[in-house]
Amino acid sequence: MDASPRPPADPSNLGDLAARSLRQVWHPCTQMKQQAKLPLVALSHGEGPWLVDTDGERYLDAISSWWVNLFGHANPRINAALVDQLGRLEHAMLAGFTHEPVVALAERLSALTGGVLGHAFFASDGASAVEIALKMSFHAWRNQGHSDKREFVCVRHGYHGETLGALAVTDVALFRDAYDPLLRHAHVVASPDARDARDGETPVDVARRAAADLETLLVQREGRIAAVIVEPLVQCAAGMAMHDPEYLRRVRALCDEHGAHLIADEIAVGCGRTGTFFASEQAGIWPDLLTLSKGISGGYLPLSLVLSRDAIYNAFYDDDTARGFLHSHSYTGNPLACRAALATLDLFADDDVLARNVLRAQRLTQALAPLADDPRARHVRHRGMIWAFDAVLPDAPGAAGAFAKRFSTEARTRGVLLRPIGGTVYLMPPYVLDDDTVDWLAARTLEAFDATMTHGTEVHA
Ligand SMILES: *Cc1c(COP(=O)(O)O)cnc(C)c1O
């Protein structure tokens, strides 16, 4: 992975890149006034799991650049596929036209679901895929004569993106509160988060209790619910809240019983992140609609898609134009993004990635084991290629935010890119770490935690 040559330094990039960025670039998920006081890392290039800044400092990308990068930066095999595609077709509209990459990708994803989710609708980012799934659900019911089914259900602390439709099924106050007056509210039901276990409860008990809450709602709103949207196994943006697969089995059964679609948002948990290619597989269920994005292009290009069952697809298949799904995005089915996705799927198959991740995960879990005995950490948890724990912090407003900032800085000083979600530290590394890098990452994470807890948790303005 270190084989790619380092590009020559561009003098205009050195030194003042961060300053230029602060002047002209409006950064995402950032209060720009605060960012002006914090270091902005100006990147020069990437090499495998490493990001390298314009001073030559290296950072291990332990959160896969916001959960998208699966096989490292500047991956030679994905690069080669893209170079080949660039010489053929960079983009063309998908209405009235088609091309090999989009067809092959739809076929291969369908095959990965055993043909159950046999239709792929393409977009560019996760939030758009969620919008599409919501619209498809409502419109499919309407086409079938059930126009009263127009309410959606989401899970407490769930995250599905930040466009207005996706935000309406997102229950994260920080992203949602400012726009709340604009939203068409969804029903929010209990989360199956295993951390919410009461005395003597197992994760399965918590899952059943949360499913019972959904059942109550479905009974109350009988005939009104179009779809229930869930993040299978891990509510990532909630702070890596993990639950037992029993929850998904129950939700599947309840959706069938009450005539609601099940939308599995696998944007973060898909593509092997939880150990299986799709997280839903671990519950032995398939949803009616499944969203993918983030890792599907290997973290190279914006690409998202919605996989659907025949029953939904057939509800639109008609002589009447208006009964069709008329949604579109300019870059739908972009050939370059699809080629990156095909190269990503090739890597999974050729390198037996899911099996090798089991060994990688065992090693990282082992290396993080000291946390289990650390009274300053709790809920040490892991699923597939996601690890998380919660810092034990004073119950003061701002304590979690101050912890997150301090921890990121301590980690960055040690050459690791980690961004806690409040008091939750998590690791979501790309699938290319060798044993030495796994051990190095765990050691730096423990050091950064120790340093933060020793002298970093006081709340600053
Ligand atoms: C990131 C994410 C989204 C939104 O994807 P964007 O590409 O950021 O719009 C939706 N759902 C889940 C579960 C996500 O993690």
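Residues numbered from 1 in each chain as written. Predicted model: local features only at pLDDT ≥ 70, side-chain atom pairs only at ≥ 80, totals over all residues. Heavy atoms only, no water.

1. Structural notes on a nonpolar patch on the surface
Here is the rule: A residue counts toward a patch only above 30% relative accessible area and without a salt bridge, and it is joined to like-charged neighbours within 9 Å or, for Val, Leu, Ile, Met, Phe, Trp and Tyr, to nonpolar neighbours within 5 Å. Here the Shrake-Rupley method, with its probe set to 1.4 Å, supplies the accessible areas, and only the displayed protein chains count as covering residues. One side-chain nitrogen of Lys or Arg within 4 Å of one carboxyl oxygen of Asp or Glu is enough to make a salt bridge. Only runs of H or I of at least four residues qualify as helices and only runs of E of at least two qualify as strands under DSSP, and these elements are numbered from the N terminus. With a 1.4 Å probe rolled over the protein chains alone, any residue whose accessible area is under 20% of its type maximum counts as buried; one over 50% counts as exposed, and the rest are partly exposed.
A grouping of Leu-164, Tyr-179 and Leu-182 is seen on the molecular surface, where their side chains present a nonpolar patch of about 320 Å² in accessible area. Checked against the element boundaries, Tyr-179 lands in the loop between helix H8 (173-176) and strand S6 (187-189). For Tyr-179, a relative accessible area of 43% puts it in the partly exposed group.

2. Quick look at the packing of aromatic side chains
Any pair of aromatic rings gets described here by the distance separating the centres and the angle formed by the planes. Applicable threshold: Whether two aromatic rings pair depends on their centres lying within 6.5 Å, for rings of Phe, Tyr and Trp, where Trp uses its six-membered ring; planes under 30 degrees apart make the pair stacked, over 60 edge-to-face, and the rest tilted. In this scheme, Lys NZ or Arg CZ marks a charge over a ring once it lies within 6 Å of the ring centre and within 35 degrees of the ring normal.
Taken as a whole and assessed by the stated rule, the structure comprises 15 aromatic pairs. Connected via pairs of aromatic rings, a cluster forms that spans Phe-71, Phe-277, Phe-278, Trp-286, Phe-348 and Tyr-431. Directly above the ring of Trp-50 sits Arg-58, whose terminal nitrogen or CZ lies 4.6 Å from the centroid. Sitting over the face of the ring of Trp-141, Lys-149 holds its NZ or CZ atom 4.1 Å from the ring centroid.

3. Description of the sheet that holds strand S16 (residues 424-427)
Strand pairing within a sheet occurs via backbone hydrogen bonds; the two strands may be parallel or antiparallel. What counts, and what does not: Two strands form a pair only when DSSP identifies at least two bridges running between them. Lines fitted to the C-alpha atoms define the axes, with helices restricted to the stretch that makes contact. Angles between their N-to-C directions range from 0 to 180 degrees. In this description, contact between two residues means that some pair of their heavy atoms is separated by no more than 4.5 Å.
With antiparallel pairing, three strands are arranged side by side in an open sheet as S13-S14-S16. Two strands lie at the open edges of the sheet, namely strand S13 (377-383) and S16, each paired on one side alone. Each adjacent strand pair in this sheet contributes to an overall mean axis angle of 15°, direction not counted. Pairing of strand S14 (residues 386-391) with S16, which is carried by four bridges, proceeds in the antiparallel orientation. Residue pairing across strands places Trp-387 opposite Leu-427, the latter belonging to S16. Of the strands in this sheet, S13, S14 and S16 touch helix H13 (residues 353-367), which is tilted by about 20° from S14.

4. Comments concerning the domain arrangement of the protein
What counts, and what does not: In this entry, domain limits derive from an automatic or database-based domain assignment.
What the domain assignment reports for the protein is domain 1 (79-350) and domain 2 (353-393 + 412-461). Averaged C-alpha coordinates put domain 1 and domain 2 at centres separated by 28 Å. Taken together, the 20 residues of domain 1 in the interface contact 17 residues of domain 2. Put simply, Arg-195 and Asp-390 hold a salt bridge, and the shortest N to O gap is 3.0 Å.

5. Considerations on the layout of surface pockets
Inclusion rule: Grid spacing is 1 Å over the protein atoms alone, the probe is 1.4 Å, and a cavity is where that probe fits but cannot get out, while a pocket is an open set with protein on both sides within 12 Å along at least five of seven lines and lining residues have an atom within 4 Å of a point. Grid points are joined across faces, edges and corners, and a volume is the space filled by probe spheres set on the points. Note on residue classes: Ala, Val, Leu, Ile, Met, Phe, Trp, Tyr, Cys and Pro are nonpolar, Asp, Glu, Lys and Arg are charged, and everything else, Gly too, is polar.
The computed volume of the second largest pocket comes to approximately 760 Å³. Together, 30 residues line the second largest pocket, and Leu-94, Ala-120, Phe-121, Tyr-313 and Phe-325 are the ones closest to its centre. Put simply, the parts of the chain that give the lining of the second largest pocket at least two residues each are helix H5 (100-112), strand S4 (119-123), strand S12 (304-308) and helix H11 (310-316). Here the lining of the second largest pocket is composed, by residue class, of 18 nonpolar, eleven polar and one charged.

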